[in-house]
Amino acid sequence: VSLLLPSLFHSSHCIFLLFAMNAPERSASFLLDEDSGEVKITYATDTKVSNAGTFRLNKEDHTVCNLLRMQLLRDPSVRFTGYLHPHPLLHYFDMKIQTNSSTVAPVEVLSSAIEDLANETDHLITQVTDAIDEWRRENEQVGQF
């Protein structure tokens, strides 16, 4: 390609070259491939550490994983949690969770964390909607907004 470029570009005109990139489709980073049976979350029990397991979160990003990690760390029954993104071109994260006792499973604390985050999100949406409605009532005499 470098041998062809000098002959393609002249000072009097410009030629644009389109190169095919060896990159996956952008939608492959956030849409599950249901045809191949891809699932959102898988779980594997840790054989070396008691009360621990690893969740693979497919098609998620740092935003979701960090929210889950922070919510899990609020739970007193969680001893350790962390996540790993193995490579930028791989569209999954591995999240490790260890609980304090054998009576509480990692699946239970993750499910509880997801439910707590959903409740916090619902509460936030309600507060924002109420604040917008109040602002509109207070400013409807001012004019259009």
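Because the structure is predicted, anything quoted here is derived from the model rather than measured.

A. Looking closely at the overall build of the protein. Tallying secondary structure elements over the protein gives three helices and four strands in all. Listed N to C, the secondary structure of the protein is α-β-β-α-β-β-α in terms of helices and strands. Looking at the protein alone, contacts between residues at least 24 apart form 48% of all its contacts between residues at least 6 apart. Total accessible area on the protein is roughly 11,000 Å²; 58% of this is exposed by carbon and sulfur atoms.

B. A look at the nonpolar core. Grouped together as the largest cluster of nonpolar side chains are 13 residues, with contacts concentrated most on Leu68, Leu72, Met95, Ile97 and Leu110. Secondary structure elements with two or more residues in this core: β2 (52–58), α2 (62–74), β4 (92–99) and α3 (106–139). When residues in this core are grouped by element, the largest group, four residues, is from α3. Residues contacting Met95, with those up to four places away along its chain left out, are Gly53, Thr54, Phe55, Leu57, Cys65, Leu68, Arg69, Leu72, Thr81, Gly82 and Tyr83.

C. Representation of the sheet that holds strand β1 (residues 41–45) within the structure. On the basis of which strands lie adjacent, the open sheet formed by four strands has the order β1-β2-β4-β3 and antiparallel pairing. In this open sheet, the two strands that pair with only one neighbour each are β1 and β3 (78–84). Each adjacent strand pair in this sheet contributes to an overall mean axis angle of 20°, direction not counted. Sheet strands in contact with α2 are β2, β3 and β4, and its direction is about 170° off that of β3.

D. Geometry of the pattern of salt bridges. On inspection of all chains with the given rule, the structure shows five salt bridges. In this structure, Glu60 and Lys40 form a salt bridge, with 2.8 Å as the shortest nitrogen-oxygen distance. Highlighted residues: Glu60 in the loop between β2 and α2 and Lys40 in the loop between α1 (5–8) and β1, separated in sequence by 20 residues. Look at Lys40 and you get partly exposed, because its relative accessible area is 33%.

E. The arrangement of the pairing of β2 in detail. Taking burial as the measure, the seven residues of β2 include five buried ones, the bulk of the element. Sheet analysis places β1 next to β2, joined by five bridges and oriented antiparallel. Across the sheet, the residue bridging to Ala44 is Thr54, located in β2. With antiparallel pairing between neighbouring strands as the criterion, β1 and β2 make up a hairpin whose turn holds six residues, including Asn51 at a positive phi of roughly 60°. Taken together, the seven bridges between β2 and β4 define a ladder with antiparallel strand orientation. In the strand pairing of β4, Phe55 is matched with Met95.

F. Inspection of the environment of Arg74 at higher detail. For Arg74, the position within the fold is in helix α2. Along the sequence, Arg74 and Ala113 sit 39 residues apart, while their C-alpha atoms lie 9.0 Å from each other. Reaching out from Arg74, the side chain makes a polar contact with the side chain of Gln71 at a distance of 3.1 Å.

Thresholds applied
- Residues numbered from 1 in each chain as written.
- Predicted model: local features only at pLDDT ≥ 70, side-chain atom pairs only at ≥ 80, totals over all residues.
- Heavy atoms only, no water.
- Helix = DSSP H or I, 4+ residues; strand = E, 2+ residues; numbered from the N terminus.
- Contact = heavy atoms within 4.5 Å.
- Areas by Shrake-Rupley, 256 points an atom, 1.4 Å probe, with all protein chains shown as cover.
- Core = buried A, V, L, I, M, F, W, Y, C linked by side-chain atoms within 4.5 Å.
- Buried < 20%, exposed > 50% of the residue type's maximum accessible area, 1.4 Å probe, protein only.
- Pairing = 2+ DSSP bridges.
- Axes fitted to C-alpha atoms, helices over the stretch in contact; angles between N-to-C directions.
- Salt bridge = Lys/Arg side-chain N within 4 Å of Asp/Glu carboxyl O.
- Polar contact = N/O pair within 3.5 Å; in protein donor to acceptor, adjacent residues only side chain to side chain.

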